[in-house]
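The residues making up each chain are set out below.
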Amino acid sequence: MVFRGTISADPDFDPSTDAEALYNAMKGMGSDKEAILDLVTSRSNAQRQEIITAYKCSYGKDLIEDLKYELTGKFERLIVSLMRTPAYHDAKEIHDAVKGAGTNERCLIEVMASRNNRQIHDMVAAYKDAYDRDIEEDIITDTSGHFKKMLVVLLQGTRDESGVVDADLVEQDAQDLYDAGEAQWGTDEAKFIMILGNRSVTHLHMVFDAYEKIAEMSIEDSIKNELSGDFERLMLAVVQCIRSVPMFFARRLYKSMKGLGTADNTLIRIMISRSEIDMLDIRECFRLMYEKSLYNMIKDDTSGDYKRTLLNLCGGDDDLAGEFFPEAAQIAYKMWELSSMTRVQLRPTVRPASNFDPAADAQALRKAMKGFGTDEDAIIDIVAQRTNSQRQEIRQAFKSLLGRDLMKDLKSELSKNLERLIIGLMLTPAEFDAKIMRKAMEGAGTDEHALIEILVTRSNEEILAMNAAYEDAYKKSMEEAIQSETSGHFCRILVSLVQGAREEGPADVERANADAQELADACNAESDDMEMKFMSILCTRSFPHLRRVFQEFVRCTNKDIEQIIKKEMSGDVKNAFYAIVRSVKNQPCYFADRLYKAMKGLGTDDRALIRIMVSRSEVDLFNIRKEFKETHDVSLHEFIQGDTSGDYRKTLLILCGGED
């Protein structure tokens, strides 16, 4: 196996000398923490075990107990964990995850999904030795249902590691998975457990490819559709580890550090367990997916000796847009290939109300607004639980039956964010987009993010309808408004997009190769020429075609298009091109990220929150919810609940459509 770790054996190793150095670092008043961390992080785990033995022989003391006594907090946890063997470290993590009142399911998932057979067998033996208990019994006692069954299967450590693949069995397994999920009402979870828990990595790679051809969606999307809760998270983790263990850990590391607070136990566990295995690949995958290197994320998110130790384990910073290692380039290429093969089934959260009666709804709304006070609950329950076309019928019925303008009545009775949200729901999609574009450009500043989001994510038909609605409402063309409020290349990008003339249809392979080469050549040109070339391709080609272009771009350059945009471009131009690439790759994920940014930290970007919740509720908000949960480890429902209040929150939660 090729060594891809950042920690390796010291060639001039002498356990007695190291034991003496550690003893001297801890004797007397205070301890020399720098000496401790520098020594421990520059020795392999096997060498650390020799140091423990030499320390006891020389001083008659337990090195781990002395380290626990001298060090404190997260730094102590990290150093002491480094001194344990991998098997005993895993055993302790599992023991800590299941002992006491609650269960740390995420720790169970991470360890059980990512370890090979030998690592699992060693962990089972270490657990028995350390705690005189059976690990399987403890996990069975602390978990339930299909989640428990899959954990028990993984705990056997019997995954096929022969590397032999039976082509007929590949097709059979792919068909069996499809029949167990997407092809029927309900799900045969046992079939998913049997196949994903036992087949070899090589075999499952081929099964996943075959599955995509049968189902026209990735196995991940099927799992999100068919399974739920901890069982869903475990099966997704297994699939992610089958595809790429370094990519799985890159995601886990990012989630451990983003947002407020750090999941230090997760950070420590991964940095220790992968430092001698594949940390270089994890760093590359991290750089591929996120806007900063793993090194810089750790640097920004931790402090003191704890930070220094983690950075030593990380092993170095990575140039953000440098060339990939071969493994990471292959992963990037595969990600685009997956994106181009998968047809995501878009799922809304708002569906047509059954037994719909527009006249009755119109009368109920009038009653809710008549007299003193307003019955907001009645308004919310009707407006948020009807489709847009049904709301248009209610508007018409309100005018026909009562001779009143429903929009004016709602504006006079409601206020602030609730009013903006309810009015947004009552407008047609074209009217709503036109209004958002108008608001984004009026007044002193321009909301460039709103302009980008709408023009990048709308279809040609939606853009043309929006243009007509804009001109009808404001007596000015959208193109004129954009030209008067923006400038330079950013203006040209928006004008190109607002034509609503993006090509449609599948990828043209030959042309995609040529486009990829043109983009690659443009990377060596002057900034203006580069941006014009990117615009001529990214703003005009169909999304399926661009997926193929971006895939071939990796092959041409050994770089990912996202990283090039981040490094070589700036400001609104960078944001516009980046939004196109993210939307091409996975539009629900793009919206999930926009929602997260609208609510994280202090204050809420209510305009962005309303814009996305209204515009996607009948398109793909269910998919966005799933991406939000997977990417940010918290549900969209939970985020909205914690970030909003009152009737505004109630309406948003109805649109959200449920907890994940």
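Scroll up to find the structure this text is about.
Residues numbered from 1 in each chain as written. Predicted model: local features only at pLDDT ≥ 70, side-chain atom pairs only at ≥ 80, totals over all residues. Heavy atoms only, no water.

Participant: Outline the overall build of the protein, supporting the account with residue identities and numerical values.
Facilitator: Each helix and strand counted, the protein has 40 helices and 0 strands in total. The C-alpha radius of gyration of the protein comes to 28 Å, within 12% of the 26 Å expected for a compact globule of 660 residues. Taking the principal axes of the C-alpha coordinates as reference, the protein spans close to 95 × 65 × 60 Å. Across the 660 residues of the protein, 54% fall into the buried class. Here the analysis covers contacts within the protein between residues at least 6 apart in sequence; of these, 74% occur between residues at least 24 apart. Of the roughly 28200 Å² of accessible surface on the protein, 47% is carried by carbon and sulfur atoms. With 86 positive and 114 negative side-chain charges, the protein shows a separation of 4 Å between the mean positions of the two kinds. (Helix = DSSP H or I, 4+ residues; strand = E, 2+ residues; numbered from the N terminus. Rg over C-alpha atoms; globule rule 2.2 N^0.38 Å. Buried < 20%, exposed > 50% of the residue type's maximum accessible area, 1.4 Å probe, protein only. Contact = heavy atoms within 4.5 Å. Areas by Shrake-Rupley, 256 points an atom, 1.4 Å probe, with all protein chains shown as cover. Lys, Arg positive; Asp, Glu negative; His and termini not counted. Charge placed at Lys NZ, Arg CZ, Asp CG, Glu CD.)

Participant: I'd like a description of the packing of helix α26 (residues 416-426) against helix α37 (residues 606-616), backed by residues and values.
Facilitator: One way to put it is that α26 packs onto α37 with a least axis distance of 10 Å and a crossing angle of 30°. As summarised for this structure, α26 and α37 are arranged roughly parallel, according to the angle between their axes. Helix-helix and strand crossings are classified by hand; for α26 and α37 the assignment is right-handed. Along its contact with α26, which presents Asn417, Arg420, Leu421, Gly424 and Leu425, the element α37 presents Asp606, Arg607, Ile610 and Val614. Partitioned by chemical class, the residues of the contact of α26 with α37 number 4 nonpolar, 2 polar and 3 charged. (Axes fitted to C-alpha atoms, helices over the stretch in contact; angles between N-to-C directions. Parallel < 35°, antiparallel > 145°, perpendicular 65-115°, else oblique. Left-handed = near helix turned anticlockwise from the far one by under 90°. Nonpolar A, V, L, I, M, F, W, Y, C, P; charged D, E, K, R; others polar.)

Participant: So what's going on with the packing of aromatic side chains? Residues and values would help.
Facilitator: With the rule as written, the count across this model stands at 13 aromatic pairs. Every member of this aromatic cluster is reached through a ring pair, and the members are Tyr23, Tyr55 and Tyr59. When the ring centre of Phe622 is taken as origin, the NZ or CZ atom of Arg347, which lies over that ring, is 4.0 Å away. (Phe/Tyr/Trp six-rings, centres within 6.5 Å; stacked < 30°, edge-to-face > 60°. Lys NZ or Arg CZ within 6 Å of the ring centre and 35° of its normal.)

Participant: Could you give an account of the side chain of Ser615, naming the residues involved and the relevant values?
Facilitator: If you trace the backbone, Ser615 turns up in helix α37. Within the local environment of Ser615, its side chain forms a polar contact with the backbone oxygen of Arg611, the two atoms lying 2.7 Å apart. Those residues in contact with Ser615, other than ones at most four positions away along the chain, are Phe432 and Arg458. (Polar contact = N/O pair within 3.5 Å; in protein donor to acceptor, adjacent residues only side chain to side chain.)

Participant: Account for empty space enclosed by the protein, with residues named and values stated.
Facilitator: One pass over the full model with this rule turns up 1 cavity of 30 Å³ or more. The space that makes up the largest cavity amounts to roughly 110 Å³. Taken together, the elements giving at least two residues each to the lining of the largest cavity come down to α14 (219-226), α36 (571-599) and α38 (621-632). No other element matches the 4 residues that α38 contributes to the lining of the largest cavity. Grouping the amino acids of the lining of the largest cavity by side-chain chemistry returns 4 nonpolar, 4 polar and 4 charged. (1 Å grid on protein atoms, 1.4 Å probe; cavity = no way out; pocket = protein on both sides within 12 Å on 5 of 7 lines; lining within 4 Å. Points joined across faces, edges and corners; volume = space filled by probe spheres on them.)

Participant: Lay out the nonpolar core with the relevant residues and their values.
Facilitator: Core analysis: the biggest nonpolar cluster contains 208 residues, and Phe534 and Phe577 have the highest contact counts within it. No other element matches α36, which puts 14 residues into this core. (Core = buried A, V, L, I, M, F, W, Y, C linked by side-chain atoms within 4.5 Å.)

Participant: How would you sum up the pattern of salt bridges? Please name residues and give values.
Facilitator: Tallying each qualifying case throughout the model produces 46 salt bridges. Among the salt bridges present, the one from Asp433 reaches Arg458, with a minimum N-O distance of 2.9 Å. In this pair, Asp433 is assigned in helix α27 (residues 429-441) and Arg458 in the loop between α28 (448-457) and α29 (460-474), connecting sequence segments 25 residues apart. Taking relative accessible area as the criterion, Asp433 reaches 6% and is therefore assigned buried. Residue classification places Arg458 among the buried positions, given a relative accessible area of 7%. What you see here is one network of salt bridges that share partners, running through Glu93, Glu110, Arg252 and Arg269. (Salt bridge = Lys/Arg side-chain N within 4 Å of Asp/Glu carboxyl O.)

Participant: Lay out helix α32 (residues 509-522) with the relevant residues and their values.
Facilitator: The end-to-end C-alpha distance of α32, which contains 14 residues, comes to 20 Å, matching closely the 20 Å that a straight helix rising 1.5 Å per residue would cover. Taken residue by residue, α32 has Ala512, Asp515, Ala516, Leu519, Ala520 and Ala522 as its buried positions. The arc enclosing the buried residues of α32, seen along the axis, measures out at 160°, which places them on a common side. Close packing links the buried residues of α32 with α33 (527-538), α34 (543-557) and α35 (561-568). For α32, the N-terminal cap is Asp508; the gap from its side-chain oxygen to the backbone nitrogen of Glu510 is 3.2 Å. (Expected span 1.5 Å × (residues − 1). Arc of directions from axis to C-beta.)

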